[in-house]
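Report on the structure
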Amino acid sequence: MNRPTGRRLTVTAMTLAGLVVGATACSSGGTSSTQAADSGSYTVWDPYPQFAKDSAWVKLLDGCGSKAGVKIKRTAFDTSDLTNKVLLAAQQDNAPDVLILDNPVVSTLAESGALTTTDENKVDTSKVDANLLAAGQAGGKTYGTPIGANTLALYYNKDVLKEAGVDIASVKDWKSLTAALEKVKKAGKKGITFSAIGTEEGSFQFLPWFWGSGAELTRLDSAQAVAALSLWSDWLKKGYAPNSVINNTQTTSWQEFASGEYAFAENGTWQLANAEKAGFDHGVLPIPGADGGSAAAPTGGEFVTVPVQGDTGRYATTRKLVSCLTSAENLYDTDTTLSYVAPTGEVQDKQTAEKPELKPWVDAVKAAKGRTSDDLGTKYPKISEQMWKAVQSALSGSTSPKDALTAAQDAVK
């Protein structure tokens, strides 16, 4: 999830399933025409149509091509188009040499047989944080390497908390966070805003609380899962969170926080620039787990992958391109452009040295988890859909959290 201009939805278009999975926050734009690679050129497909030919991103691609002795033919798609195009190209043996795609889609393309493994192409992933790399793994194999990551945390308004007499250092778990929200309400201010909309975006925002309770996606109706949904439901009942969260996207939720009236907002790194423009002093806190510590929030961000090619002789040059794009130097520049946290400790240290305010985000990313991790792969979309339906049902008051999640688990089965 990145860039504050909106939210990009990812369509994990399986030829048999046609399941929809929303993934990252990003603007959409026009696409360029695809071109087949010849012996002197290599194709790169990416989900960044907002980056024009004179952008730093495209200059990086061209530079990596020059180092490898080839010309880069780059095609940019909106993510919803990208997956469909790749599946079709794979069937026609006309896939791009390098494919950059949203991390929840990796398992879909891997299952379809469209991607090579990092072992097959000797792509070095040894320095990548294991929790981030897991989003690109399926069946014990790794199908790419992350170019960067983002995730969710809690932004907080220092002025509102000060007026309510809340010391942010006291907020360490669900109990202390709820106590802080109670103080904020008593002070005449608003508590917390988030997105609980009935789409993948709502699941994305619920997952830190779900995982922070100790729940697992294979058991939507566990006692821990019920505790997480009850937390959100109770916040609405007590007026700590507005009823608008049921229809909020991450963008509209941010707009509520930007009004300066809320103590907390759950949102991502892509709002950093907007936070600096908000006009009030703010901070960032990793989302706490039920009993303390940082909850695992879902990772956003893209993977650099290598699609299957009929001409296996192309892989040697492709490996050079991938190595260039994911080098420490280029990761730093790219992740700065994308408002991402780097996937390696070495580059993360450089990011926090340059911008100490990124430290909470680095901590959040280190605790983050891929939605398709735990070998869920293409099972995740169905689980997620039932999750957001349960959240909607419970927050609207039509069903208890327990009954909503029981129905969700039954539907998944």
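Before reading on, note that the structure itself is shown above.
For clarity, every value in this text was computed on a predicted model and none was experimentally measured. (Residues numbered from 1 in each chain as written. Predicted model: local features only at pLDDT ≥ 70, side-chain atom pairs only at ≥ 80, totals over all residues. Heavy atoms only, no water.)

Side note on the nonpolar core
Counting residues in hydrophobic clusters, the biggest one holds 57 residues, and the most contacted among them are Trp 209, Phe 210, Leu 217, Trp 235 and Phe 264. Those elements that provide at least two residues to this core are β9 (152–157), α6 (158–164), α7 (174–186), α8 (200–212), α9 (223–237), β11 (262–268), α16 (380–395) and α17 (401–412). When residues in this core are grouped by element, the largest group, eight residues, is from α9. If you look at the next biggest cluster of nonpolar residues, it comprises 29 residues, including Leu 60, Ala 68, Ile 72 and Leu 325. (Core = buried A, V, L, I, M, F, W, Y, C linked by side-chain atoms within 4.5 Å. Buried < 20%, exposed > 50% of the residue type's maximum accessible area, 1.4 Å probe, protein only. Helix = DSSP H or I, 4+ residues; strand = E, 2+ residues; numbered from the N terminus.)

Some thoughts on the sheet that holds strand β3 (residues 41–46)
Taken in spatial order, the five strands line up as β4-β3-β5-β13-β8 in an open sheet, and their pairing is mixed. At either margin of the open sheet sits one strand with a lone partner, and together these are β4 (71–76) and β8 (145–146). Looking at chain direction, β8 and strand β13 (residues 302–305) are connected through two bridges and run antiparallel. Each bridged residue has a counterpart across the sheet, and for Pro 146 the counterpart in β13 is Phe 303. Contacts from helix α3 (residues 103–111) reach β5 (98–102) and β13 within the one sheet, and its direction differs from that of β5 by about 125°. (Pairing = 2+ DSSP bridges. Contact = heavy atoms within 4.5 Å. Axes fitted to C-alpha atoms, helices over the stretch in contact; angles between N-to-C directions.)

A look at the state of the cysteines
Under the criterion given, the structure shown has one disulfide. Between the sulfur of Cys 64 and that of Cys 324 lies a disulfide, 2.0 Å long from S to S. Where Cys 64 bonds to Cys 324 through sulfur, the torsion about that S-S bond is close to -80°, and the disulfide is left-handed. In this pair, Cys 64 is assigned in helix α1 (residues 56–68) and Cys 324 in helix α12 (residues 315–325), connecting sequence segments 260 residues apart. On the basis of relative accessible area, Cys 64 is assigned to the buried category, the value being 2%. (Disulfide = S-S within 2.5 Å.)

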